[in-house]
Amino acid sequence: QVQLVESGGGLVQPGGSLRLSCAASGNIFGVNAMGWYRQAPGKQRELVATISNGGITNYADSVKGRFTISRDNAKNTVYLQMNSLKPEDTAVYYCKLDQLAYGMTYWGKGTLVTVSS
């Protein structure tokens, strides 16, 4: 009943920037937390950044100072601004939404970010 659609992925050179967007639609109700996760080839999916309904953020140590997560509650959209990209940032990036009142978790299909020269 909840759909998440990511956009903004692509191919960039090291040091470049990308801005990812995730729009949520469907039967969204109540307070929710949203975040970004990523999965590189041959590795487990890992946390990148999360943001609460009130705007409290949390980042993986590997992206602190380079990535910024934000949200527009009116649009049910979360963003990830990625600067100073490194080859090790290459991964499929997934959007996540947690409906806290119901204990439900939803995932997007992912968008590929490739950082290469």
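Residues numbered from 1 in each chain as written. Predicted model: local features only at pLDDT ≥ 70, side-chain atom pairs only at ≥ 80, totals over all residues. Heavy atoms only, no water.

> Break down the nonpolar core for me, with residues and values.
Among the nonpolar cores identified, the biggest contains 29 residues, and Leu4, Trp36, Leu80, Met82 and Tyr93 are the most heavily contacted of them. Counting only elements with at least two residues in this core, the list comes to β1 (2–7), β3 (18–26), β4 (32–39), β5 (46–51), β7 (67–72), β8 (77–82), β9 (91–99) and β11 (111–115). (Core = buried A, V, L, I, M, F, W, Y, C linked by side-chain atoms within 4.5 Å. Buried < 20%, exposed > 50% of the residue type's maximum accessible area, 1.4 Å probe, protein only. Helix = DSSP H or I, 4+ residues; strand = E, 2+ residues; numbered from the N terminus.)

> Before we move on, could you go through unusual backbone geometry and cite the residues and values that matter?
Positive phi is not limited to glycine here, since asparagine 76 has a value of about 50 degrees. Inspection of the secondary structure assignment puts asparagine 76 in the loop between β7 and β8. On the basis of relative accessible area, asparagine 76 is assigned to the partly exposed category, the value being 23%. The residue serine 84 is not glycine, and still its phi comes out positive at about 50 degrees. Mapped onto the elements, serine 84 comes out in the loop between β8 and β9. Classification of serine 84 by relative accessible area gives partly exposed; the value is 41%.

> I'd like to hear about the packing of aromatic side chains, residue by residue, with values.
All chains considered together, the criterion is met by one aromatic pair. A ring pair is formed by tyrosine 37 and tryptophan 107, whose centres lie 5.1 Å apart and whose planes are at 70 degrees; its orientation type is edge-to-face. Taken together, the residues span a long stretch of sequence, with tyrosine 37 in strand β4 and tryptophan 107 in strand β10 (residues 104–107) at a distance of 70 residues. Lying across the ring of tyrosine 94, arginine 45 places its NZ or CZ 3.7 Å from the centre. Cation over ring: arginine 45 sits above tryptophan 107, and NZ or CZ is 4.6 Å from the ring centre. (Phe/Tyr/Trp six-rings, centres within 6.5 Å; stacked < 30°, edge-to-face > 60°. Lys NZ or Arg CZ within 6 Å of the ring centre and 35° of its normal.)

> Summarise the environment of valine 48; cite the residues concerned and give the values.
Structurally, the position occupied by valine 48 is in strand β5. Considering only alpha carbons, one finds valine 48 and asparagine 58, 10 residues apart in sequence, at a separation of 8.4 Å.

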